[in-house]
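Understanding the architecture of this molecule
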Amino acid sequence: MHRRPLVFSSLLLAIALLSPSLGSGASDMPDETAWVNGLRAKFIGEKAIEEGNDVIELSAPYRAEDPALVPLQITSRIPQTPERFIRKITLVIDNNPVPFGASFEFTPDSGKADIAMRVRVNSYSYVRAIAETNDGKVHMAKAFVKASGGCSAPIGGDLEAAMARLGKMKFKMDGERLTPQQPNLTQLLISHPNITGLQMNQISRMVQPAHYVEEVKVSFNDRPVMTAQTDIAISADPNFRFYFVPQGQGELKAEIRDNLGGRYSTTQTLTP
Amino acid sequence: MAGIMFSDRVERRATHASELAGGIEHLLSRVHNPGPSTPTHRATDPMPRPALLASLLLLAASPCSGRTTIHLEPIAPGVFVHQGVHELPDRHNQGEIANIGFIEGQRCVAVIDSGGSPEQGRALREGIRALTRTPICYVINTHVHPDHIYGNRAFREPGVRFVGHHKLAAAMAARAAFYIDKASRDLDVALTAEDFVLPDIEVNGELELDLGERRLTLVAHATAHTDNDLTVYDETTQTLWLADLLFMDHLPVIDGSLNGWLKVLDRVRAIPAKRAVPGHGPVAAFWPADAAPEIRYLSELRTELRAAIKQGRTIEQAVASAGRSERNRWALFDEFHPRNVATAYAELEWEED
Ligand SMILES: [Zn+2]
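In what follows, the accompanying structure is described. Note on numbering: residues in each chain are counted from 1, in written sequence order. For naming, the first written chain is A and the first written ligand is 1, with later ones following in the order written. Selection of residues for local features in this predicted model requires a pLDDT of at least 70, selection of side-chain atom pairs for listing and counting requires 80 or more, and totals for whole chains, interfaces and linings are taken over all residues. No hydrogens and no water enter the side-chain calculation; it runs on all heavy atoms of the structure.

Quick look at the sheet that holds strand β9 (residues 169–173) of chain A
Two strands in a sheet stick together by hydrogen bonds in their backbones, pointing the same way (parallel) or opposite ways (antiparallel). Residue and element names in this part refer to chain A. Strand order across the open sheet formed by six strands is β2-β3-β6-β15-β10-β9, with antiparallel pairing between neighbours. The sheet is open, and its two edges are formed by β2 (56–59) and β9, each paired on a single side. On average, adjacent strands in this sheet sit at an angle of 20° to one another, irrespective of strand direction. Note that strand β3 (residues 70–76) and strand β6 (residues 115–119) share five bridges and pair antiparallel. By the bridge assignment, I74 is partnered in β6 with I115. A pair of strands is treated as paired once DSSP finds two or more bridges between them. Labels follow the DSSP assignment, with helices taken as runs of H or I lasting at least four residues and strands as runs of E lasting at least two, numbered in each case from the N terminus. Note on definitions: angles span 0 to 180 degrees between N-to-C directions of axes, and those axes are lines fitted to C-alpha atoms, for helices only across the stretch in contact.

This is the structure we're talking about:
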């Protein structure tokens, strides 16, 4: 009879899988420390920040039901016109091991610089949406999220099924038909386990190597509508909801690249 | 204290052996208490109970000393179940919330789930010792969840073999570090590597265990409650130990696949068992009748989520609206339902239209 004892390294991994109960400790209260002591300088530098909901709004659950699947909605308050538009939105999760969540680039062809996604939140943290308009100004909206363990949570459910469809993608349009000259809402679903590199396997005694989507490019008839640089904070099976303005019928295309060099794409023909 | 309680129980077990066998059907609990229940909730059950049950309940009364106690109730000849409580795992209950127990043959005892803490594992072992001298040959882990496996270490000794789903070892490996940290924070229970014992015998498909004049059939299922669910069928008494594939009163918790779970339920529903043992709920259930609420909850959730996804509703909107009509029918609904919705939504949005 042999039994394989488990050996543990003392990796301090965070919390909360099955139980929605959340942690106690020093970080329960909204806390700007990480932001003030480095993140602001890193992401914004010396520039002034306009805080508030005039240009951009962020909605997030105050208490996350599942720290590995926290839905975020970033809503722009200005239309994307060639004269004035949001050029870039950066998502920062202050207390995550990798605070950079993603950055999204938009164009006037985006129609509306809205973006919704699901993210991992590793401890009680401010989540920030930082918008840069084409005039170079910086606008920020923030929300405090109570969640813990999102990045180190073991990959639950059916990893085998998830790996089997890795790279599969699909668009889901909001309506049956395209509405030309108007912002059309679409959702891009990407099947990818987005492994954080913080989930430790006790048999191999190794951390499961990171394997996540790094870049997402969406175009309509070859004109870019949304380009994203993404990191491990994006939940497994990345999912983005955004707008684009079609001139008429055409092809909506998504191309992604992961950190191990995997490239996948999908195309959908749309008609008014 | 517990020791005295158990030896007392042994006496009674001997004197009332025949009575026990006859009273078993009455022991099947039909209590569908939607509120949080406790191990003694049946004491207030207005349904008439045989005198025997009353005496068992007296014996089972908790001394409230804060020490882990085990109340092993006979639900069929040689089948004993300790009933858990419908609570979130916390510092007070130390994660001792699931139904656990054992089945005894002529030659061997098979423990089914070892408990929610190392201490509950020790109490279970003591409780079994007080009831029988038959050696423990097997510890069957029905799945990876902490409330079912944290007692493992107490049973680790020569002659005891651990049995689990062929995916259990991988699930333990992937979750152990995370679980240890969580146990220390949420339960105030210090775990180490030694508390996780990987299976010696892995079940892929079916496996029979011979306990001596008693055969158990173990089935490893496809992803359902988790990706490593194992059920135990005792032919002698036609008892189907479903563990967390069956939740009663306590809201079902999806940590695997909603579609998969419904598929597995469809399959096990056909098993002509006289009784089933749920992972959370009464110690014994009518089968398959008592699976109805769980099947209803899961099916309704699926129907509503499919519709929501088709209508383009977001995961946030679904969490706020899907399955709410079940709210008053389950304990711990608010604690687990929103998460179930999110998990199931993320699964169902990949279904082909
Ligand atoms: Zn479970």
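Remarks on the packing of aromatic side chains
All names here are of chain A. Classification of ring pairs rests on two measures: the distance between centres of Phe, Tyr or Trp rings, Trp counted by its six-membered ring, which must be within 6.5 Å, and the angle between planes, read as stacked under 30 degrees, edge-to-face over 60 and tilted in between. Evaluation of the coordinates by the stated rule reveals 12 aromatic pairs over all chains. Between F104 and F240 the ring centres are 5.9 Å apart and the planes differ by 70°, which places this aromatic pair in the edge-to-face class. Within this pair, whereas F104 is found in strand β5 (residues 100–106), its partner F240 is found in strand β15 (residues 239–244), the two being separated by 136 residues in sequence. Taken individually, F104 and F240 each receive the classification buried, so the pair is uniform in this respect. Relative to F144, the ring of Y126 lies with its centre 5.4 Å away and its plane at 70°, an arrangement referred to as edge-to-face. The buried label applies to any residue whose accessible area, calculated with a 1.4 Å probe on protein chains only, is under 20% of its type's maximum; exposed applies above 50%, and partly exposed to all values in between.

Some remarks on the nonpolar core
Judged by nonpolar contacts, the single largest core of 49 residues is most densely connected at A:V218 and A:F240. Pairs of residues are marked as contacts when any of their non-hydrogen atoms sit within 4.5 Å. Here A:V218 is in contact with A:F171, A:L188, A:R223, A:P224, A:V225, A:M226, A:F242, A:L252, A:K253 and A:A254, once residues within four sequence places are set aside. Definition of nonpolar core: a set of buried residues of the types Ala, Val, Leu, Ile, Met, Phe, Trp, Tyr and Cys, connected through side-chain atoms within 4.5 Å.

Remarks on helix α6 (residues 168–187) of chain B
All names here are of chain B. Any helix carries an expected span of 1.5 Å times its number of residues minus one. Here α6 contains 20 residues, and its C-alpha end-to-end distance of 23 Å is more than 12% below the 28 Å for a straight helix at 1.5 Å per residue. Two axes enter the bend calculation: one fitted to the seven residues ending at the residue in question, the other to the seven starting there, and the bend is the angle between them. Maximum bend of α6: about 50°, positioned at A176. The element α6 is largely enclosed, with a buried count of 17 among its 20 residues. One or two residues past the end of α6 sits D188, with phi positive at roughly 60°.

Topic: the coordination of the zinc ion
For a metal with four tetrahedral donors the ideal donor-metal-donor angle is 109.5 degrees, whereas six octahedral donors ideally subtend 90 or 180 degrees. Residue and element names in this part refer to chain B. Taken together, the protein donors to the zinc ion comprise H143 (NE2), H145 (ND1), H225 (NE2) and D244 (OD), at separations of 2.0 to 2.2 Å. For Na, K and Ca the donor cutoff is 3.2 Å, while for all other metals N, O and S atoms must lie within 2.8 Å; water is not among the atoms, so some sites may look incomplete. Donor angles set the geometry label: tetrahedral for four donors if every angle is between 85 and 135 degrees, square planar for four and octahedral for six if opposite donors exceed 155 degrees and the others are between 65 and 115, irregular for anything else. With four donor atoms in place around the zinc ion and angles of 86 to 169° between them, the coordination shape is irregular. If you list the donors of the zinc ion from N- to C-terminus, the spacing comes out as H-x1-H-x79-H-x18-D. Of this pair, H143 sits in the loop between β5 (136–140) and α5 (146–149) while H225 is found in the loop between β9 (215–220) and β10 (230–234), placing the two residues 82 residues apart along the sequence. Per residue, the accessibility class of H143 equals that of H225, and both read buried.

In short, the description is geometric, and any link to function would need to be established separately.
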